[in-house]
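# Fold and contact review
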Amino acid sequence: ALTIGIVGLPNVGKSTLFNALTRAQVLAANYPFATIEPNVGVVPLPDPRLDRLAEVFGSERIVPATVSFVDIAGIVKGASEGEGLGNQFLANIREADAICLVTRAFADPDVVHVDGRVDALSDVDTVVTELVFSDVQTLEKAIPRLEKEVRGKKAEPIVLETAQKALDLLLTGETVDAHRADFDADALKQFGLMSAKPFIYAVNTDDAGLRDADFQAKVRAQLAPADVIFLDAKFESELVELEPEDAAEMLADSGQDEPGLDQLARVGFHTLGLQTYLTAGPKEARAWTIGQGWTAPQAAGVIHTDFQKGFIKAEVISFDDLVEVGSVAAARAAGKARMEGKDYVMHDGDVVEFRHGG
Ligand code: GDP
């Protein structure tokens, strides 16, 4: 599964946030999630559509899609013996598919800030500069090796050109992610550049910050086009300990519409380029994770490889249509159920039943 690595300066609340994420995962343990790994928080993607589908179909249970977060600092603590901490740390970030950069905007005199002051945007600068610097080193090491390999016809020229182009860009202070479209994606992937990954910013703030629209607008403007989430990690870690009714009350008291963890899961899922389609029946209402632009047979393959191999067609009803008419039979009668073939490109929220042979 695709993962989002959590990074940030010390003492900004990464562990607090990660613990809240893993606690949310434990609470959701009746879902058939993959095996639980200590440094990976697999959290459900909130999706109110599943509740509605479960009503329409009388489903016994709901199975949401999930998003995986990796506590990179936590991995390093366990795995770094004998190896440079920095290198192991960077190797782990390189494996993540997206980066969640946690920055501190809570004012608590008892929690020391490494730079001696609380400034979310300057935290971002510090970390991004660090990552860009490390990417520059990666490329400066790779280029002489690639030059030899290209001369010896052991590497494709495009790989070397890509490395040079990325290096030139980074030296101007830009990130590769912002210019992704100008690069050969396959060549770029080989370098695992951190500044080529999509970023999400999680601003760990306090009650005052959560209510301060001007502050949020300013931070968002600075970090655009990346997605920014404002949350209070300490509050989130308390919220996940409560019974649902008490949590809802505490959330309402705080003036927030939705827990920060839910926002983080949703934005993270989207940043990874993922979407879901839905299936429902008396047993379960379920969301399945696919990439954007996937065709119906590819989507069927997520349920079972045989569904992809033996794909015949897909009966597709859009979620809105289904809920409006109230049943599959009514959707069929109203001409809202479409039979789609193997070239059909899936949409988020398609409610699907696959027909397959073999
Ligand atoms: P990490 O080093 O980034 O993993 O940071 P931690 O999660 O260990 O947090 C560092 C300290 O800040 C701990 O004492 C936390 O309890 C505290 N902390 C984390 N998040 C918040 C927050 O949102 N508000 C306040 N006041 N303290 C926080």
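Heads up: the structure comes first, above all this text.
The following refers to the structure shown. Quantities reported herein were computed from a predicted structural model and do not represent experimental measurements.

With mixed pairing, six strands are arranged side by side in an open sheet as E2-E4-E1-E5-E6-E7. Only two strands of the sheet have a single partner each, and these edge strands are strand E2 (40–44) and strand E7 (227–231). Across this sheet, the average inter-strand angle for adjacent strands is 25 degrees, counted without regard to direction. As judged from the five bridges shared by strand E6 (residues 199–205) and E7, these two strands associate in the parallel manner. Within the sheet, the bridge partner assigned to Val203 lies in E7 and is Phe230.

Moving on, we get to unusual backbone geometry. Following Ala224, the chain continues to Pro225 via a peptide bond in cis, the omega torsion being 5 degrees. Relative to the helices and strands, Pro225 is located in the loop between helix H9 (213–223) and E7. One non-glycine residue with positive phi stands out, namely Asn11, at about 70 degrees. By the secondary structure assignment, Asn11 is in the loop between strand E1 (3–7) and helix H1 (14–27). Note on Asn11: 13 C-beta atoms within 10 Å, which makes it partly exposed. In this structure, Lys153 takes a positive phi of about 60 degrees despite not being glycine. By the element assignment, Lys153 lies in the loop between helix H5 (120–151) and helix H6 (157–171). Here Lys153 falls in the exposed class, since 8 other C-beta atoms lie within 10 Å of it.

Conventions adopted
Residues numbered from 1 in each chain as written. Predicted model: local features only at pLDDT ≥ 70, side-chain atom pairs only at ≥ 80, totals over all residues. Pairing = 2+ DSSP bridges. Helix = DSSP H or I, 4+ residues; strand = E, 2+ residues; numbered from the N terminus. Axes fitted to C-alpha atoms, helices over the stretch in contact; angles between N-to-C directions. Buried ≥ 20, exposed ≤ 12 C-beta atoms within 10 Å, placed from the backbone.

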